[in-house]
Amino acid sequence: MDILAKEKKLEQLIEQLHRLDDEKAIATIKQTIQQYIQESMRELTPWDRVLLARHPKRPHAKEIIDALFQDFMEFHGDRHYEDDQAILGGIASFNGRPVTIIAHKKGQTTDENIRCNFGMAHPEGYRK
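All figures in this text were calculated on a predicted structure; none of them were measured in a lab.

(A) A look at the pattern of salt bridges. Applying the stated rule across the entire model yields 1 salt bridge. The salt bridge involving Asp66 is made with Lys62; its shortest N-O contact spans 3.3 Å. A residue pair is termed a helical-turn pair when its members lie 3 or 4 positions apart in one helix, as Asp66 and Lys62 do in helix H4 (residues 61-68) at 4 residues.

Rendered as structure tokens:
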């Protein structure tokens, strides 16, 4: 089964999950989705992994940070030159523990990509 067919099957499972109200059925569908993802990841060819890494709907660093961490406070600038938009850094809480977060940021639109230098940091980004 190619990656597009797997993606379609996964989307169908997720749609089915959103239509359900029964907690037991929701738990069953979530477990099915998790097993399906694990099986699919084992069957990926190297080229499938490249396609998955470059998928346009893949979550970006900011989306992952917002989903995992509470009270994220982003740091800006390096106190010498300026703020590099390609590096996303700051502090947050994860399960009540303080953590430091550093991530690359590419942007989702052409304007954001240009502002973030297509995810390629400048020296001031590494000093952030």
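(B) Summary view of the confidence of the model for the chain. Mean pLDDT over the chain: 80, with 89% of residues reaching 70 or higher. Mean pLDDT values over the elements of the chain span from 64, in helix H6 (residues 123-127), up to 89, in strand E3 (residues 97-104).

(C) Looking closely at the side chain of Ser93. Of note, Ser93 is situated in strand E2 (residues 87-94). Side-chain polar atoms of Ser93 contact the side chain of Asp71, separated by 3.2 Å. Excluding residues within four positions of it along the chain, Ser93 makes contact with Phe69, Gln70, Asp71 and Val99.

(D) Layout of the sheet that holds strand E1 (residues 70-74). Sheet architecture is open: 3 strands sit in the order E1-E2-E3, paired in antiparallel fashion. At either margin of the open sheet sits one strand with a lone partner, and together these are E1 and E3. Each neighbouring strand pair of the sheet contributes to a mean axis angle of 25°, computed without reference to strand direction. The sheet contact formed by E2 and E3 spans 8 bridges and is antiparallel.

Definitions and limits used
- Residues numbered from 1 in each chain as written.
- Predicted model: local features only at pLDDT ≥ 70, side-chain atom pairs only at ≥ 80, totals over all residues.
- Heavy atoms only, no water.
- Salt bridge = Lys/Arg side-chain N within 4 Å of Asp/Glu carboxyl O.
- Helix = DSSP H or I, 4+ residues; strand = E, 2+ residues; numbered from the N terminus.
- pLDDT = per-residue confidence, 0-100.
- Polar contact = N/O pair within 3.5 Å; in protein donor to acceptor, adjacent residues only side chain to side chain.
- Contact = heavy atoms within 4.5 Å.
- Pairing = 2+ DSSP bridges.
- Axes fitted to C-alpha atoms, helices over the stretch in contact; angles between N-to-C directions.

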